[in-house]
Structure formats: structure tokens, C-alpha cells
Amino acid sequence: MKRICKNLALIMMVILLGSLWGCRTHSDMPYNGDITFHKMNISIPQNFIRDSTQSNEDAWLFESGFYSKLIILSRNDITGNTNASLDNYVEYMKQQNADSQREIFKEMDAVFSVYTKDDMFCQEMLFAYEGSFYAIALRGGTREEFQSLLDTVNISYAEDTYSIK
């Protein structure tokens with residue numbers, strides 16, 4: 001009887017550890033690090049964590065320092081002409097007192113904007129890829145931090161996925 005209890009306890013511990021390990025190695029919600037957002041791969045710095053209450057399938061918000069810095073990733077379907085939409089976005093951002101201009105980002109048509117929102121210095125890159133607009137915004141950071149974030153961006157050619165690496 002004592003041996004059966006020991007074996008049963010061992011089996012239960014293996015099952016518990018296995019289930020905990022499975023939870024640890026797979027996550028549908030990335031918190032930081034190397035992540036995939038639809039077809040965009042990007043590395044979120046370790047001092048940021050995803051706010052699931054402010055995030056949905058097409059917009060993820062990562063915060064640092066009790067929201068003193070924000071990284072926002074978003075994706076929207078392109079409707080209409082891509083070039084006209086990008087030009088209209090530049091004009092819209094300029095109306096919001098942003099310094100905004102068209103440029104090329106990773107060989108894709110893009111808009112780069114710099115502005116102030118809620119007393120925070122903000123930078124944003126919006127680019128078009130395969131029928132979608134992707135935006136990366138850093139609020140509260142420096143130009144160097146934003147450039148470091150942009151340097152980690154890669155576009156995947158796989159199907160839409162959401163993962164942490």
C-alpha cells in the first residue's frame with residue numbers, strides 16, 4: 001500500500017510538472033521579447049509588458065514604467081488606393097501638428113511621424129504590406145529607442161501567427 005501511494009504521488013507530480021511546463025513553453029499572449037504580430041516580427045524590450053486589457057487582435061499595447069512609455073503595434077486592412085491612403089495619412093497627421101512625411105521602410109511605402117500627445121514625445125512608423133497597414137509607435141521614448149525598435153522589425157511570409165519566441 002505504501003508503495004502504491006509513493007507511485008501515485010510520483011505520477012501526480014510528473015503530470016503536474018508536465019502541465020506546468022506546457023503552460024510555460026506555449027503562450028498565445030506574448031508579453032515581451034521576440035514576438036510575431038500578424039506578419040511582422042519585432043523585438044519588444046524586456047522592460048515592457050503587454051497590457052492585455054488595452055490590446056485586441058489588431059492592436060497591442062506594451063507599457064513600461066507605469067505607462068511612462070508605450071509601444072503600440074496595430075494592423076488595419078487597406079481599403080482603396082495605398083498611395084492615396086498614405087498621402088491622406090500624412091495630411092491628417094500634419095493637421096494634428098505632427099511632423100509627418102512619406103518614406104520607404106524596409107523596402108515598403110511608409111509614413112514616419114513625430115508628434116507630442118498628452119505631453120509625451122511620440123514617434124510612429126506606418127507601412128503598407130500585403131493588403132494591410134502596420135503601425136509601430138513609441139510614446140515617451142527617445143529617437144534612439146525608437147530606431148532600436150525599428151531595427152528589430154522583420155516581415156514574415158508565413159500565415160498570420162501570434163507567438164513568443
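In case you missed it, the structure is sitting above this.
Residue positions are given per chain, counting from 1 as you read along its sequence in written order. Since the coordinates come from a predicted model, pLDDT governs what is reported: local features require at least 70, and pairs of side-chain atoms require 80 or more to be given and counted, while whole-chain, interface and lining totals use all residues. For the side-chain quantities, the full set of heavy atoms in the structure was used; hydrogens and water were omitted.

A.B. asks: So what's going on with the overall build of the protein chain? Which residues, and what values?
C.D. replies: If you tally the helices and strands in the protein chain, you get three helices and 11 strands. Its helices and strands in sequence order give the protein chain the pattern α-β-β-β-β-β-α-β-β-β-β-α-β-β, from N to C terminus. Using a 1.4 Å probe on the protein chains alone, a residue whose accessible area is under 20% of its type maximum counts as buried, one over 50% counts as exposed, and one in between counts as partly exposed. Within the protein chain, the fraction of its 165 residues that count as buried is 39%. All accessible-area figures derive from a Shrake-Rupley calculation using a 1.4 Å probe, and residue coverage is judged against the displayed protein chains alone. Accessible area for the protein chain stands at about 10,200 Å²; split by element, carbon and sulfur atoms hold 54% of it. Labels follow the DSSP assignment, with helices taken as runs of H or I lasting at least four residues and strands as runs of E lasting at least two, numbered in each case from the N terminus.

A.B. asks: Run through the layout of surface pockets, naming residues and quoting values.
C.D. replies: The rule is simple: put a 1 Å grid over the protein atoms alone, call a set of points where a 1.4 Å probe fits but cannot get out a cavity, call an open set with protein on both sides within 12 Å along at least five of seven lines a pocket, and count a residue as lining if it has an atom within 4 Å of a point. Grid points are joined across faces, edges and corners, and a volume is the space filled by probe spheres set on the points. By volume, the largest pocket amounts to about 380 Å³. Every residue lining the largest pocket is counted, 17 residues in all, and those nearest its centre are Tyr 89, Met 93, Tyr 115, Glu 124 and Arg 139. Of all the secondary structure elements, the ones that give two or more residues to the lining of the largest pocket are β5 (69–77), α2 (82–95), β7 (108–117), β8 (120–129) and β9 (132–139). In terms of residues, the lining of the largest pocket owes the most to one element, β9, which gives four residues.

A.B. asks: Can you tell me about the sheet that holds β5, naming the residues and giving the values?
C.D. replies: One key point about sheets: their strands pair by backbone hydrogen bonds, in either a parallel or an antiparallel sense. Ordered by their spatial adjacency, seven strands build an open sheet running β3-β4-β5-β9-β8-β7-β6, and the pairing between neighbours is antiparallel. Of all the strands in the sheet, the pair left with one neighbour each is β3 (49–50) and β6 (99–105). Note: β5 against β9, eight bridges, orientation antiparallel. Residue pairing for β9: Ile 71 is matched across the bridge by Leu 138. Two strands pair under a simple rule: DSSP has to find at least two bridges between them.

A.B. asks: Account for the packing of aromatic side chains, naming residues and giving values.
C.D. replies: The relation between two aromatic rings is expressed through the spacing of the ring centres and the mutual angle of the planes. Aromatic pairs are defined between Phe, Tyr and Trp rings, using the six-membered ring for Trp, whenever the two ring centres lie within 6.5 Å; interplanar angles under 30 degrees are classed as stacked, those over 60 as edge-to-face, and all others as tilted. Taken as a whole and assessed by the stated rule, the structure comprises six aromatic pairs. Note on Trp 60 and Phe 62: the rings are 6.4 Å apart at their centroids and 70° apart in plane angle, and the pair reads as edge-to-face. Of the two residues, Trp 60 and Phe 62, neither departs from the other in class, the shared state being buried.

A.B. asks: I'd like a description of helix α3 (residues 143–151), backed by residues and values.
C.D. replies: Buried residues of α3: Phe 146, Leu 149 and Leu 150, and no others. Around the axis of α3, the buried residues are gathered within 100° of arc, so they sit on the same side. Turned more than 90 degrees away from the buried face of α3 sit Glu 144 and Asp 151, all of them exposed. Buried residues in α3 make contact with β2 (40–44), β5, β6, β7, β8 and β9. To be clear, the arc concerns the directions from the helix axis to the C-beta atoms. We call two residues contacting when some pair of their heavy atoms lies within 4.5 Å.

A.B. asks: Can you explain the pairing of β6? Please cite residues and give values.
C.D. replies: For β6 and β7, the ladder comprises seven bridges, and the chain directions are antiparallel. Pairing of Gln 101 across the sheet is with Phe 112, part of β7. Hairpin connection of β6 to β7: two residues between the antiparallel strands, including Lys 106 at a positive phi of 50°.

A.B. asks: Give me the lowdown on the pattern of salt bridges, citing residues and values where you can.
C.D. replies: Note on pairing: side chains with opposite charge can pair once their charged atoms come close. The term salt bridge refers to a side-chain nitrogen of Lys or Arg lying within 4 Å of a carboxyl oxygen of Asp or Glu. The tally for this structure, following the rule as stated, stands at five salt bridges. Where Glu 130 meets Lys 39, a salt bridge forms, and the shortest distance between an N and an O atom there is 3.1 Å. In this pair, Glu 130 is assigned in the loop between β8 and β9 and Lys 39 in the loop between β1 (33–38) and β2, connecting sequence segments 91 residues apart. One salt bridge in this structure joins Arg 102 and Asp 87, with 2.6 Å as the shortest N-O distance. Taken together, the residues span a long stretch of sequence, with Arg 102 in strand β6 and Asp 87 in helix α2 at a distance of 15 residues. Given the relative accessible area of 39%, Asp 87 is considered partly exposed.

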